[in-house]
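# What the coordinates show
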Amino acid sequence: MSALPLRLPSHLALVALAAALAALPAHARLRESQMDVPVEVVDAYGKAVAQPIRVTVWSDDANPTPAPVLVLGHGRSAHADQRTGLGRVRLSEASAFFVRRGFIVAVPTRIGYGVSGGEDVEDSGTCQDKNYPPGYSAAARQTLQVLDAVRARPDAAKDRAVVMGQSYGGTTAIAVGALQPAGVQAVINFAGGGGGNPQTQPGRPCAPQRLERLFAHYGATLRMPSLWLYTENDRYFGATYPQAWFAAFRAAGGTGEFTRFPPQGEDGHLTFSRAPQIWQPRVAAFLEQHGFPAPASATPAPDAAEPRAVGEDR
């Protein structure tokens, strides 16, 4: 039996294939790597803790260099087994969005979580007697040490960075901004707060007035642009506490914009991971406004319903 003839693609087919490849999203070249970063912090009891933590790094070789760096912080479960079982934090979908916008993205797994392990340096005590500042200080210090480590890359900018976080990581971003670190131009707080538990006390975080005083303390020194993003049906912090926290922050002199999204699903606290099309346009506009335009090849973020803006300072 004779072999079937090998059919080479026609010139038009090759042109069509090339066009299809060129039309692939900009994040098709997304690169994921890992690094261990030695960090040193002090917990709420004055104990110094030093150990390496695992950091997931996302980048795209096709982006212009030196690229700005964005450190993206994760949240904190109320349950110890969920914190230790977190694995390696990747936040891949959100990271891809920021890489498309030209960033190198670093996602730390902080001390006491997942693959990094170690003791709980963010412990803030019982619900009735919360001591919030040391835990956020420990998280902020780790964030800055990770930023320094990533900036050592030859393709990373040494003087252009953004810090963002969700939930506990959102408050951490504000804590970082209050330290006025060199080369950080903006911070983004997505549903930031602490002491929330949607199962046992939905919408009623532990010691919310102490968080209000903490945000006021941060507002006394934070002068870079900050973006605060919350959702009306946040089952961790409710609808009114975040507005009170932002008001205290602003009254103390803090610079920021507060955006409240309409209810999302059964728990708006999960909007960051479950509805990126809601927040990405707002974040993209904020980045554009403050000196971080997307590369010309970036895929535009999808349109979303207009959020309800509360007390914005543009």
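Above this text sits the structure in question.
A brief report on the enclosed structure follows. All of these numbers come straight from a predicted model, not from anything done at the bench. Think of each chain on its own: its residues are numbered from 1, step by step along the sequence as written. Only residues with pLDDT of at least 70 are given local features in this predicted model, and only at 80 or more are side-chain atom pairs given and counted; all residues enter the totals for whole chains, interfaces and linings. Remark: hydrogens and water are excluded; side-chain values derive from all non-hydrogen atoms of the structure.

Going from Thr65 to Pro66, the amide bond is cis rather than trans, its omega being 0°. In the Ramachandran plot, Ala191 falls in the positive-phi region, its phi being about 55° despite a non-glycine side chain. Strands are runs of DSSP state E lasting at least 2 residues, helices are runs of H or I lasting at least 4, and numbering of each runs from the N terminus. Along the chain, Ala191 turns up in the loop between strand 6 (184-190) and helix 6 (208-219).

The subject of this paragraph is the layout of surface pockets. Definitions used throughout: a 1 Å grid over protein atoms alone; a cavity as a set of points that fits a 1.4 Å probe which cannot get out; a pocket as an open set with protein on both sides within 12 Å along at least five of seven lines; a lining residue as one with an atom within 4 Å of a point. Grid points are joined across faces, edges and corners, and a volume is the space filled by probe spheres set on the points. Taken as a whole, the largest pocket holds about 520 Å³ of empty space. The wall of the largest pocket is formed by 23 residues, among which Gly75, Arg76, Leu86, Gln166 and Leu270 lie closest to the centre. Secondary structure elements with two or more residues in the lining of the largest pocket: helix 2 (80-84) and helix 8 (271-274). The space that makes up the second largest pocket amounts to roughly 340 Å³. Taken together, 23 residues line the second largest pocket, and the ones lying closest to its centre are Arg76, Ser77, Ala78, Lys130 and Gly195. Just so you know the grouping, Ala, Val, Leu, Ile, Met, Phe, Trp, Tyr, Cys and Pro go in nonpolar, Asp, Glu, Lys and Arg go in charged, and all remaining residues, Gly too, go in polar. Taken together, the residues of the lining of the second largest pocket sort by class into six nonpolar, 11 polar and six charged.

So, about the state of the cysteines. Disulfide assignment relies on a single distance test, namely cysteine sulfur atoms paired within 2.5 Å. All told, the structure shown has one disulfide when counted by the stated rule. One disulfide bridge connects Cys127 with Cys206, the sulfur atoms lying 1.9 Å from each other. With the S-S dihedral at roughly -105°, the linkage between Cys127 and Cys206 falls on the left-handed side. In this pair, Cys127 is assigned in the loop between strand 4 (104-108) and helix 4 (133-151) and Cys206 in the loop between strand 6 and helix 6, connecting sequence segments 79 residues apart.

Now for helix 3 (residues 92-100). Two residues of an α-helix separated by three or four positions point the same way, owing to the 3.6 residues in each turn. Burial runs high along helix 3: seven of the nine residues are buried. Note on contacts: a residue pair qualifies if any of its non-hydrogen atoms lie within 4.5 Å across the two residues. Lining the buried residues of helix 3 we find strand 2 (48-59), strand 3 (67-73), strand 4, strand 5 (156-166), helix 8 and helix 9 (276-289). After helix 3 finishes, the residue Gly102 shows a positive phi value of roughly 100°. Note on exposure labels: buried denotes an accessible area under 20% of the residue type's maximum, exposed denotes more than 50%, and partly exposed covers the range between, all computed with a 1.4 Å probe on protein chains only.

Where helix 4 meets helix 5 (residues 168-178), the axes come as close as 9 Å, and the angle between the chain directions of the two elements is 75°. Comparing the axis directions of helix 4 and helix 5 gives the class roughly perpendicular. Contact residues: helix 4 offers Gly135, Tyr136, Ala139, Ala140, Thr143 and Leu144, while helix 5 offers Tyr168, Thr171, Thr172, Ala175 and Val176. Considered class by class, the residues forming the contact of helix 4 with helix 5 number seven nonpolar, four polar and no charged. For every element, the axis is a line fit to its C-alpha atoms; helices are fit only across the contacting stretch, and the angle between N-to-C directions ranges from 0 to 180 degrees. Angles are sorted into four bins: roughly parallel if under 35 degrees, roughly antiparallel if over 145, roughly perpendicular if 65 to 115, and oblique for all others.

The next subject is the pairing of strand 3. Taken across its seven residues, strand 3 has seven buried, putting it largely inside the fold. Inspection of the sheet shows strand 3 paired to strand 5 by six bridges, in the parallel sense. If you follow Ala67 over to strand 5, its bridge partner there is Ala156. Each pair of strands is called paired provided DSSP finds at least two bridges between the two strands.

Okay, the packing of helix 6 against helix 7 (residues 241-251) next. Remark: helix 6 packs on helix 7, axes separated minimally by 7 Å, with the N-to-C direction vectors making an angle of 35°. Every pair of crossing elements has a handedness; the one defined by helix 6 and helix 7 is right-handed. Two secondary-structure elements touch here, helix 6 through Pro208, Leu211, Glu212, Phe215, Ala216, Tyr218 and Gly219 and helix 7 through Tyr241, Ala244, Trp245, Ala248 and Phe249. Tallied by class, residues from the contact of helix 6 with helix 7 come to 10 nonpolar, one polar and one charged. A clockwise turn of the near helix away from the far one marks a right-handed crossing, whereas an anticlockwise turn of less than a right angle marks a left-handed crossing.

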